[in-house]
Amino acid sequence: MLVAAAVCPCPPLLVPDVAAGAAPELAAARAACTDALGVLAAARPDRLVVVGPAEQSGRGPHTAGTRGSFRGFGVDLDVRLGSEGHKDGGAASERELPPSLAVAAWLLERTGWSDAPIEGLGVGEPLEAERCIQTGRDIVAQADRVALLVMGDASACRTLKAPGYLDERAAPFDAEVARALGAADVAALKVLDAELAYELKASGRAPWQVLAGAAEGADLGGALLYEDAPYGVGYLVAAWS
């Protein structure tokens, strides 16, 4: 059963070493992520599953102790997904964490996560909604008390200088996602338009729908902790408990 969830954005710029001189610009987002992870810790889960967008080579599962790196972003910084002491048998994955899970690993290290066994799962952007939802159901069947850390960005088309240029559909799409995450509205997340999300370069669509499947019947309440679009990309932080 899902007992708590944290939703965080996953830009490598969230890591100060990567952002360098621009690090203060995302200070509020980092603080909100810390608060959301505090909600996970307070729920005292038996297992934490980190879900984030990934290319084919980065899809999971990734066991505890799996390494990630920010060298591809010009920074000599490595991270691990939790500690190997929390793996439930088996060696750490040989494949590196995809960037979204590396950011999650950095957030968890920063907050000193040591509360429960952990694993990571990368999900592909094209994964259809029903498969995402079923994945969420399967995750929460693994333990009595499961928590999710869900990584993903909203649209990347909020301004003329955004990675996807300006798209007038982006702001309404992000507003509805923010409302759904803040209200823990499982039904609304399930019916997010996958094609529109793809066109708007919203990397969080599939992970959010995994969350929707995991949260069925859990009757959790939600709180939106952060909402902004620096660099023309929608970043959202929410906590469910």
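Below or above, wherever it landed, is the structure these notes cover. (Residues numbered from 1 in each chain as written. Predicted model: local features only at pLDDT ≥ 70, side-chain atom pairs only at ≥ 80, totals over all residues. Heavy atoms only, no water.)

**With respect to the nonpolar core**
- One finds Leu 40, Leu 48, Val 50, Phe 70, Leu 108, Leu 149 and Met 151 to be the most contacted residues of the largest nonpolar core, which totals 45 residues.
- The contacts of Leu 108, once residues within four sequence positions are left out, are Leu 37, Leu 48, Val 50, Leu 81, Trp 113, Ile 118 and Leu 149.
- Grouped together as the second largest cluster of nonpolar side chains are 44 residues, Val 123, Ala 170, Ala 188 and Ala 197 included. (Core = buried A, V, L, I, M, F, W, Y, C linked by side-chain atoms within 4.5 Å. Buried < 20%, exposed > 50% of the residue type's maximum accessible area, 1.4 Å probe, protein only. Contact = heavy atoms within 4.5 Å.)

**Digging into the environment of Gly 124**
- Locating Gly 124 in the fold gives a position in the loop between strand 6 (118-123) and helix 4 (129-140).
- Here Gly 124 falls in the buried class, since its relative accessible area comes to 5%.
- Taking C-alpha positions, Gly 124 is 23 Å from Ala 171, a pair spaced 47 residues apart along the chain.
- Beyond its immediate sequence surroundings of up to four residues, Gly 124 is in contact with Ala 54, Arg 59 and Ala 206. (Helix = DSSP H or I, 4+ residues; strand = E, 2+ residues; numbered from the N terminus.)

**Looking at the pairing of strand 1 (residues 2-8)**
- Of all seven residues in strand 1, seven are buried, a share of seventy percent or more.
- Of the pairings in the sheet, the one linking strand 1 to strand 7 (residues 146-151) comprises six bridges and is parallel in character. Following the sheet pairing, Ala 5 is matched in strand 7 by Leu 148.
- Bridge count for strand 1 against strand 9 (residues 235-240) is three bridges, and the pairing is antiparallel. Bridged to Ala 5 within strand 9 is Trp 240. (Pairing = 2+ DSSP bridges.)

**Brief notes about the side chain of Ser 69**
- Here Ser 69 is to be found in strand 4 (residues 67-69).
- At 3.0 Å, the side chain of Ser 69 forms a polar contact with the backbone nitrogen of Arg 71.
- A polar atom in the side chain of Ser 69 sits 3.4 Å from the side chain of Asp 78.
- Discounting residues that sit within four places of it in the chain, Ser 69 has contacts with Leu 77, Asp 78, Glu 96 and Ala 102. (Polar contact = N/O pair within 3.5 Å; in protein donor to acceptor, adjacent residues only side chain to side chain.)

**A word on helix 5 (residues 170-183)**
- With 14 residues, helix 5 should reach 20 Å at 1.5 Å per residue; the first-to-last C-alpha distance of 20 Å fits that figure.
- As for helix 5, its buried residues are in contact with strand 1, helix 6 (186-190), helix 7 (194-199), helix 8 (205-214), strand 8 (222-228) and strand 9.
- After helix 5 finishes, the residue Ala 184 shows a positive phi value of roughly 50°. (Expected span 1.5 Å × (residues − 1).)

**Quick notes on the packing of helix 2 (residues 27-42) against helix 3 (residues 99-111)**
- Packing of helix 2 against helix 3 leaves a shortest axis separation of 10 Å and a crossing angle of 75°. With respect to helix 3, the element helix 2 is oriented roughly perpendicular. On helix 3, the residues that touch Arg 30, Cys 33, Thr 34 and Leu 37 of helix 2 are Trp 106, Leu 107, Leu 108, Arg 110 and Thr 111. (Axes fitted to C-alpha atoms, helices over the stretch in contact; angles between N-to-C directions. Parallel < 35°, antiparallel > 145°, perpendicular 65-115°, else oblique.)

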